Amino acid sequence: VTDVGVMTASERWFRLLLRLYPQDFRDDMGEAMVEAYVDRAREARVRGGRASVAGVWFSALKDSLRNGPGERAQPAARWRRGGNWGRDTELAFRRLARSPLFVLMLAGTLTVGLGAFAVVYTVVDRVLLAPLPYEDPDDLYWVWRNYTWFDFERGWLGGPDIAELRNAGGAIRDVAGMQRTQPTLSTDAGGEPVQIAQMIVSPNLFGLLGVRPFIGRDFAPDETGPDRPQVAIITHGLWQRLGGERSILGSEIRLNGNPWEVIGVLPRDFQFVRNASLGPAQGADVFVPYQTHFAEMNPGSGSLAGLLRAEPGTPPERVQEAVATVGRYVDERDHDSRGLQLYAVSAKEDLIAPVRPAMVVLGLAGVFLLLVLLVNLGTLLLARAAQREQEFAVSRALGANPLAVVRATVLEALMLGVIGGIGGALAATWGTRVLVGMAPADLPRLDNIAFDWNIGLTVVAIGAGIGLLAGLAPALWAVRTDLGTLMGSTRQRGSGGRVRMRRGMVVVQVALSVVLLTAGALVVRSFSGLLSVDPGFDAERALTLTVPVPGTRYPDADAAYALHGRLQAELAAVPGVSAVGAGWTLPLSAGSSQTSMRFPGAPGNTGSDEHDNPMIDYYAVRPGYFEALGIRVLDGATFRDAVAPGFEMVIDRTLAEKFYPDGTAVGAMIPLGDETARIIGVVDHVRLYDVHQDGRGQVFLRNAPGSLGMAYGLSWVVQSERTRRAPALLAADVTAAVRRVDPELAVSNVRTMSEVLGESLSEQRLSAVLIAGFSLGALLLAAMGLYGIVAGSVTRRRHELAIRMAMGAEHGSVLRLVLREGALLVALGVLIGVPGVLVAGRVIEGVLVGVSPHDPATLTAVALGLWAVAMAACYVPARRVLRIEPGISLRQE
Amino acid sequence: MDRRRRRPESRLPLRPVEFHILLSLATGDRHGYGIIRDAEARGAAPVPDVGTLYRALARLVEHGWIEAAERRPAADAGDERRNYYRIRPLGLQVARAEARRLEALTRAARAGGLLRAGAS
């Protein structure tokens, strides 16, 4: 073997050993290493012949066995191999740090957008998605009566209904009945008597919910019915109010003067609301068992809510079937088969059904906002990537892994998304607090709404997701950019593909904004309409309060009636009060009773039972009620202090128009049960449930002993004199006046009627504020996108525009040329948005009042407003055209 | 490159092969085998293996202490294919810091009687 042969063999051996190193290291260093080995081998041959060369071979083997796998495990220059995330992150971070304004703008946008989304997500999640805080909440149902023979589909159950449901077995594991009252609480410890909420329940309620008392014991199954000891379980909140001592167990509290022994305190996190036949679900402070057995109650009167627990995992249809079967049995036995039906509604669905449409709309608006945000971020990142196109192209030409380029771009976007997500989560903790303050007090599960870390993480994850998706656009574009096209287009910076992509994204943004803006405008319009609705009473001047009357101190109707008289006189004597009245309930409080009623002999009768026997709302009031609330008297008169012989009633406009279209209502005699009452007057229709829809016809009775309706505890209304004192300022004097009559009377719910009105609209206000904010945000984002497009276009076409101007084009015509580009994008966006508007209209229809989802005025206003903002966003950057000096511009090229 | 802001002391101690690379390049640009020969001339024991050396070179380039030199010294003009390396200011700082550290250790060893004064 010649020396040359030895060296050739050595080189072959070294190249073989090189295979132990990873490919990219070999590419980088391989040739130099082979040379170094060959140099070593050559020197060894000179020094000590072939034996020494063999030594070099062996040491090279040792070296390669150690360093080859070593380099694979611990690469010296990892990033070139597409594995060093840390380094890429650092680089992306540095790049971002070099343009703080860009970061601030993007992160700010994301913070606001994601923050708003997080707030809505929190509300929707807690109200619609989170499970009820009971054991196996999916097996819980509320049961209602449907009186098919007149228009009343959601009535309370009667006692016998619950007794039969409990007997049914099968799919029905257990049923609890309950009823809510508001007695006055007093204790031996003294302190002012207060009105609290009491739930009268069957003793199985807590077992059925899966709740055990925090201290003390649950009701025993037989602790119900007449002549049983009076025992009570109180909530943790009430326990704290009463001192929070363990000694509460076995002590007595008095409800309306009757003693009850406290046997248990519920856990702190116990939350329970009883769904109502009408109106909002309500909770209670104290729970006591029934003193009557369900089966012994009058089947004709419905007054109980029934909570049913099905056997675990029973499908809802089976439960429905079982309930309906009981309903048929009860109908036949107790109601002469007139058609009474029982039906069950899943507990959660029943609770949230009233707010579901608003929540769905808000949720969708939130998703839309995210989409706008996503497109916006993508547009901006694309613009930024354009500045780096040379860098991308060069690194690609130098053989950089396309994946590495994608990763570098996406990482930057991801980082922005995460920053925005963290900002959004922080903003949301604050926003949620503000929102809960604004939310209607009867929004189901309001206590549940608090921002937590789960949601925070979700928001950060969504931010990261948005960043990833938005970064994909520039990344894909970066991969496609190659050196050739770039070299070819040095004269006109910016490749056509990128511009097309950006334009497309702006069009999408405009389209999304149109949809969101339309929804926002419609909801806001509907809300402003509600604000100007005439509720049928004068909210401005009325202060209201509730005064429960304990039965122990005022044992009969005459005593209570005398008290009412003294209260009315004392309240009327308060300086600044111009009228005083009282009744079972107040407008917008859903506190009336319902019954079906006929007006025999009325000219408006048609002979159809459905028309002539309507369901009506009725309640009893004291003289002065209509005057104090400013309810207009349209015909006849209302109740006077002097009680006339015979029964009197007042009806509302709705019933008068329906039954006495000729205006002959006053004087008509109407049978009420076994009695007959004379219509003495007609008043305006008062909104009893909510502002946005007329309720049933209304009948008012006199609240007096021996009349058809006499309640002890009443809601009082005092009207402030027109010019003297705002109603809220009367509160202290009014409370003092009540105490002067009897210091042991509790006063509660002191509120102005304006507050009651405001609360009844708070859900709509919340939706309106949120959705308006969303749509304005979307508009702003779209305007930003347009601004960027037009500004970029002016810069890119500088040369062309300069030539045009050098050829004699007016500034105005060049300006129009640039503006036309923006206008075209807006017009396209609006066109694409139109079908979206139609679909969105159908979705939000449920929350709109008095506004058609396709209201032409709103749609036109949105289109014009968007057009104006968009054109302004185009005009500002387009004005740069005016600064082009053709001579200078052309010489620069 | 990206690590330049870190204080050179924070990178210490260096591996012997890294110190030899910086030491050689401090006197002029070298290719890899030149560095090995320098180390041999200094009486380094053991002399760095080729694989060890080139991995260290890649690492130091990555750290931004050295860089690939674009032009080779005139003396080596005949050798077209070789990769030459040049020390960067950061590399020089690190090398000086390492030398100071070693010196301090040596002084301490003498003071402690582990080395005779004057011995190298």
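Chains are numbered independently. Their residues run from 1 in the order of the written sequence. Here chains are named by letter from A upward and ligands by number from 1 upward, in the order in which they appear as written. Totals for whole chains, interfaces and linings use every residue, but because this is a predicted model, local features are given only for residues with pLDDT of at least 70 and side-chain atom pairs only at 80 or more, for both listing and counting. Side-chain numbers here rest on the full set of heavy atoms in the structure, without hydrogens or water.

1. Examining the overall build of chain A
So, step 1. Think of it this way: any DSSP run of H or I at least four residues long counts as a helix, any run of E at least two long counts as a strand, and we number them from the N terminus. The helix and strand inventory of chain A stands at 26 helices and 24 strands.
So, step 2. Looking at the 893 residues of chain A, the share that counts as buried comes to 51%.
So, step 3. Any pair of residues with heavy atoms lying within 4.5 Å of one another is described as a contacting pair. Of the contacts made within chain A by residues no fewer than 6 positions apart, 81% connect residues no fewer than 24 positions apart.
So, step 4. In these tables, accessible area is a Shrake-Rupley quantity obtained with a 1.4 Å probe, and a residue counts as shielded only by the protein chains included in the view. Accessible area of chain A: about 39,100 Å², with a carbon and sulfur share of 57%. Buried means the residue's accessible area, taken with a 1.4 Å probe over protein chains only, is under 20% of the maximum for its type, while exposed means over 50%, and partly exposed covers the values in between.

2. With respect to empty space enclosed by the protein
Residue and element names in this part refer to chain A.
So, step 1. In this analysis a 1.4 Å probe is tested at points of a 1 Å grid over the protein atoms alone, and where it fits but cannot get out there is a cavity; an open set with protein on both sides within 12 Å along at least five of seven lines is a pocket; lining residues have an atom within 4 Å of a point. Grid points are joined across faces, edges and corners, and a volume is the space filled by probe spheres set on the points. If you walk through the whole model with that rule in mind, you get five cavities of 30 Å³ or more.
So, step 2. In this structure, the largest cavity spans a volume of roughly 70 Å³.
So, step 3. Lining the largest cavity we find Leu 132, Tyr 134, Leu 140, Trp 142, Leu 209, Phe 272, Val 273, Asn 275, Leu 307, Ala 347 and Leu 351.
So, step 4. Mapped by element, the contributors of at least two residues to the lining of the largest cavity are β1 (140–147) and α9 (347–352).
So, step 5. Class assignment for the residues of the lining of the largest cavity results in ten nonpolar, one polar and no charged. Under the scheme applied here, ten amino acids are nonpolar (Ala, Val, Leu, Ile, Met, Phe, Trp, Tyr, Cys and Pro), four are charged (Asp, Glu, Lys and Arg), and all others, including Gly, are polar.

3. Structural notes on the packing of helix α1 (residues 16–26) of chain B against helix α3 (residues 50–63) of chain B
A pair of packed helices can be characterised by two numbers: the angle between their axes and the separation between those axes.
Residue and element names in this part refer to chain B.
So, step 1. Put simply, α1 and α3 touch, their axes get as near as 10 Å, and they point 70 degrees apart. By the angle between their directions, the pair α1 and α3 is classed as roughly perpendicular. Of the residues in α3, those in contact with Val 17, Glu 18, Ile 21 and Leu 22 of α1 are Thr 52, Leu 53, Ala 56, Leu 57, Arg 59 and Leu 60.
So, step 2. By residue class, the composition of the contact of α1 with α3 is seven nonpolar, one polar and two charged. Angular values range over 0 to 180 degrees, each being the angle between N-to-C directions of two axes fitted as lines to C-alpha atoms, with helices fitted over their stretch in contact. The labels follow the angle: roughly parallel below 35 degrees, roughly antiparallel above 145, roughly perpendicular from 65 to 115, and oblique for the rest.

4. Remarks on unusual backbone geometry
Residues and elements named next belong to chain A.
So, step 1. Positioned with a positive phi, Asp 336 is a non-glycine residue whose angle comes to about 50 degrees.
So, step 2. Following the sequence through the fold, Asp 336 ends up in the loop between α8 (316–334) and β13 (340–346).
So, step 3. What makes Asp 336 exposed here is its relative accessible area of 66%.
So, step 4. In this model, Leu 588 sits at a positive phi of 60 degrees, which is unusual for a non-glycine residue.
So, step 5. By the secondary structure assignment, Leu 588 is in the loop between β15 (577–583) and β16 (593–596).

5. Brief notes about the confidence of the model for chain B
Residue and element names in this part refer to chain B.
So, step 1. Within a predicted model, pLDDT stands for the predictor's per-residue confidence, ranging from 0 to 100. Scored by pLDDT, chain B has a mean of 80; 79% of the residues are at 70 or more.
So, step 2. Element-level mean pLDDT values for chain B span from 85 in strand β1 (residues 30–31) up to 91 in α1.
So, step 3. The ipTM value of the predicted complex is 0.86, and its pTM value is 0.62.

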